[in-house]
Amino acid sequence: METDCTNPADRTSDGAPAPAKPTPLPAGTRLLHIGPHKTGTTSIQGALFAAKEQLPAYGVAYPAQSRHPMQAVLAACSRTGMIGDTTPTERHWTRLVDQVHATGRHTSVISSEFFADAPDDATAGRIVEQLGGEPVQVLVTLRPLVRIMPSQWQQYVQNGLRMGYEEWLEHMLRKAPYEKPNPSFWRRHRHDRLVERWVRVVGPERVGVVVVDDRDRGGLMRTFEGLLGLPANLLQPVPDTANRSLTLAETEMLRSLNKEFRGNGLPDELYSLLVRNGAVMHMKNTCSPTSQDVRISTPEWAVRAATGIGAEMAERIGSTGVRVIGDPALLSAVPEPAGRPGPQEARIAPEVAAQALYGALAAVVAASGGASARPVHRTSSKELVRVLGHRCLKRIRRH
């Protein structure tokens, strides 16, 4: 295993070891960043997309029409979208491939956490071949499993999951074959097998692993700058409230709504419109978590299980011979006890619930062409009331 080490004398402002500057990739590389989920992918994609016009001056391209080419990658991996969404087509993937080839001799970055969902070696091999074959190098970003689990659970709840956190942990960690209710979890987050899968496709010399150190907030940005030969601080975080994690209270409110939704047999398309892209999206964009919000807390038994798996994964990744940037020991580090408070009652604030309800109502208006069909979080309360009131009057007059 090749490891990029740090100088012990170098520290970040948080006291963490500063990451070593990695060796830049050869010009013309197709850097395939496969995630997986919850490892800083959104922040990297946002920073690269924001710097899209500046990158060519340094021989780099970000060939995507949006921050995250999710539709294209879902099609490449033969995956459906989120619950209720339209299934992407091969046309989405072909368009992205054409954009990558159009970058010519530039080093290009193709980033999506959904590449980690490639169902088999053949699919991964086809993706690599269509993106250019030999110039493709695969990059995997990793965080400790114990930090990923709560984030991934609440993300699954945003896609319709009705199971509570501790019950979900029981299924993922204690109930073989560990595939229910979310078989995608271990395909993404058994990180050693993920790395091995892509090593079989391109070889260890073309796979890199970055271990993210959560104590160093800018470390991942600096690592990408080093790999791409970019000047320091060109990549900057872009605020994205729509991608923030839900608090425990918000997640529990949504989980209860999921139960009602499923219990009444409502269609998935309605869930996508009203709940995920209506209530949840508006709530995220208008309500910021505070220090009073109860966070999702992982029980001790699950922490021990996760750190044990992390140690095993780090050892197996090390044996593959891939290049590792960062400290693999972080994958099995036990979080500070102070970071796991005792049980607290999670209460949803009235204003948060109101914003969620408003988001669902605004989605109805937008979907039917009212309020100029603007996104829900940009529809004013006054305009929403006017449109809904007009419709109610029309219905009353018909009766």
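Reference entry: report on the structure contained in this document. (Residues numbered from 1 in each chain as written. Predicted model: local features only at pLDDT ≥ 70, side-chain atom pairs only at ≥ 80, totals over all residues. Heavy atoms only, no water.)

1. So, the environment of A360
Selection rule: In this description a helix means any DSSP run of H or I spanning at least four residues, a strand means any run of E spanning at least two, and both kinds are numbered starting from the N terminus. By definition in these notes, contact holds between two residues if any of their heavy atoms fall within 4.5 Å.
When you line up the elements, A360 lands in helix α13 (residues 350–367). Expressed as a C-alpha distance, the spacing of A360 and L273, which sit 87 residues apart in the sequence, is 8.0 Å. For A360, the contacting residues outside a window of four places in its chain are L274, G278 and A279.

2. Structural notes on the pairing of strand β5 (residues 136–142)
Where we set the bar: Each residue's exposure class comes from its accessible area (1.4 Å probe, protein chains only) as a fraction of the maximum for that residue type: buried when under 20%, exposed when over 50%, partly exposed otherwise. Should DSSP find at least two bridges between two strands, the strands are regarded as paired.
Counting buried residues in β5 gives seven out of seven residues, a clear majority hidden from the surface. By the bridge criterion, four bridges tie strand β2 (residues 30–33) to β5 in an arrangement that is parallel. The residue bridging R30 from the neighbouring strand is V136, located in β5. Here β5 pairs with strand β6 (residues 207–211) via five bridges, running parallel. Bridge assignment links V138 to a residue of β6, and that residue is V207.

3. Focus on the nonpolar core
The nonpolar side chains of a soluble globular protein tend to be buried, and buried together. Heads up, the condition is: The term nonpolar core refers to a set of buried residues drawn from Ala, Val, Leu, Ile, Met, Phe, Trp, Tyr and Cys, joined through side-chain atoms within 4.5 Å.
Counting residues in hydrophobic clusters, the biggest one holds 40 residues, and the most contacted among them are L145, M149, W153, W168, L169, L173 and F185. For this core, the elements supplying multiple residues, two or more each, are α5 (145–157), α6 (165–173), α7 (184–189), α10 (248–263), α11 (268–286), α12 (300–318) and α13. Among the elements that line this core, the one with the most residues is α5, at seven residues. In contact with W153, not counting residues within four places along its chain, are L161, M163, G164, Y165, W168, L248, T251, E252, R255 and I296. In this structure, A116, L142, L194 and V209 belong to the second largest nonpolar core, which totals 39 residues.

4. A word on the packing of helix α1 (residues 41–50) against helix α9 (residues 219–228)
As a reminder, the rule being used: To get an axis, a line is fitted to the C-alpha atoms, and for a helix only the part in contact is used. The angle between two axes follows their N-to-C directions and goes from 0 to 180 degrees. Here roughly perpendicular refers to angles of 65 to 115 degrees, roughly parallel to angles under 35, roughly antiparallel to angles over 145, and oblique to all remaining angles. Left-handed describes a crossing whose near helix is turned anticlockwise from the far helix through less than a right angle; right-handed describes the clockwise counterpart.
It is the contact of α1 with α9, at a shortest axis distance of 10 Å, that shows an interaxial angle of 55 degrees. It follows that α1 is oblique to α9 by the angle criterion. In terms of crossing hand, the pair formed by α1 and α9 is right-handed. For the pair α1 and α9, the contacting residues are S43, I44, A47 and L48 in the first and L220, M221, F224 and L228 in the second.

5. Description of the environment of L230
Residue position: L230 is located in the loop between α9 and α10. A sequence separation of 171 residues divides L230 from G59, and the C-alpha atoms of the two residues are 8.9 Å apart. What L230 contacts, discounting residues up to four positions off in sequence, is L55, Y58, V60, E225 and L235.

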